[in-house]
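# Reading the structure
Here is how the chains run, residue by residue.
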Amino acid sequence: MIANYRGAEIYFETTGNGTPVVLLHGFLETRKIWTPLIEIIAEKHQVINIDLLGHGKTGCTGYIHTMEEMAEAVHAVFSELKITSKARVIGHSMGGYVSLAFLEKHPQLVKQIILMNSTPEADSEERKENRDRAIALVKKNPSTFISMALANLFSSENREKYNSEFEKLKKEALTNSVQGIIAAAEGMKIRTDRTKVLKTFNGSKIIIAGEQDPILDHNILKIISMQCSCGFHLLSGGHMSYIENLAEIKSLCSSSII
């Protein structure tokens, strides 16, 4: 299905009936990352699975996709489906940043927010510099950047173990436009700290962290979860919990989370 936002076609799929559950993928990913979870969630809910701006089949709106713009593209899907009830929103990594931007702008549409391998904090100065280097590499050699970036998201012991899944991710990531990749990186770099947004949200809120996440320190995420009164689930893997800890994620999706 297709919604429209600022001239861009926003691709999404919807499955099942009930309370809406919106799935938001991370940087370089597409809606296909959620495929193993859709059947489980759709048993009780309407699953809305979206390709974010510049990713998958969804087009670009400019050279910078802020998290706010991505959130408004998500809202365009709500409008297309005529959804006015509160939804549960699950965001992986960048998808978590978009989830929080959506919550800030449209709190009346959010019942629950789940941040998977994500944080409400803004980029540190060091992280911003890393993004600038990444953008330079994308412009020079997109395929090399994608391969390196995705490999670095797995825990060291899982990179070889999940090689098949890694190759599928890489193949899908290579379908993303260079403009879309750069626009997302630029948008993440300038995103604001939304810890207060998470803290003041009165709905259900959960943070899922990887014990060996090379990107986000699980100890810091645990502190944030306590400060913001979030449920906290620490899993054994890295930044790719939906692959490295798929069994646990399936269990959470079918029972305690939603």
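As a reminder, the structure under discussion sits directly above these lines.
Residues numbered from 1 in each chain as written. Predicted model: local features only at pLDDT ≥ 70, side-chain atom pairs only at ≥ 80, totals over all residues. Heavy atoms only, no water.

### Points about the packing of aromatic side chains
The full count for this structure, using the stated rule, is four aromatic pairs. Centroid distance Trp34 to Tyr242: 6.2 Å. Interplanar angle 40°. Geometry classified as tilted. With Trp34 in the loop between β3 (19-24) and α1 (35-41) and Tyr242 in helix α10 (residues 241-244), the pair connects residues that are 208 residues apart, well separated along the chain. With respect to class, Trp34 is no different from Tyr242; both count as buried. Taking the ring centre of Tyr97 as reference, the NZ or CZ of Arg191 above it sits at 3.7 Å. (Phe/Tyr/Trp six-rings, centres within 6.5 Å; stacked < 30°, edge-to-face > 60°. Helix = DSSP H or I, 4+ residues; strand = E, 2+ residues; numbered from the N terminus. Buried < 20%, exposed > 50% of the residue type's maximum accessible area, 1.4 Å probe, protein only. Lys NZ or Arg CZ within 6 Å of the ring centre and 35° of its normal.)

### Examining the pairing of strand β4 (residues 45-50)
Most of β4 is tucked away: six of the six residues are buried. Taking every second residue as pointing to the same face, both faces of β4 are buried, with His45, Val47 and Asn49 on one and Gln46, Ile48 and Ile50 on the other. Where strand β2 (residues 8-15) meets β4, four bridges bridge the pair, whose relative direction is antiparallel. Residue pairing in the sheet places Glu13 in a bridge with Asn49 of β4. Taking the sense of rotation as the criterion, the β-α-β connection linking β3, α1 and β4 turns out right-handed. (Pairing = 2+ DSSP bridges. Right-handed = clockwise from strand over helix to strand, strands pointing away.)

### With respect to the environment of Arg131
As for its placement among the helices and strands, Arg131 is situated in helix α4 (residues 125-140). Here Arg131 is in contact with Tyr97, Asp123, Ala185, Met188, Lys189 and Arg191, once residues within four sequence places are set aside. (Contact = heavy atoms within 4.5 Å.)

### Topic: helix α3 (residues 94-105)
With twelve residues, α3 extends 17 Å between its outermost C-alpha atoms, agreeing within 8% with the 16 Å of an ideal straight helix rising 1.5 Å per residue. Across the twelve residues that make up α3, a large majority, ten, are buried. If you check which residues of α3 are buried, you get Met94, Gly95, Gly96, Tyr97, Val98, Ser99, Leu100, Ala101, Phe102 and Leu103. (Expected span 1.5 Å × (residues − 1).)

### What about the environment of Ile146?
Inspection of the secondary structure puts Ile146 in helix α5 (residues 142-151). Along the sequence, Ile146 and Glu104 sit 42 residues apart, while their C-alpha atoms lie 31 Å from each other. Each residue touching Ile146, except ones within four places of it in the same chain, is listed here: Leu28, Lys170, Ala173, Leu174 and Ile181.

Keep in mind these values describe shape, not function.
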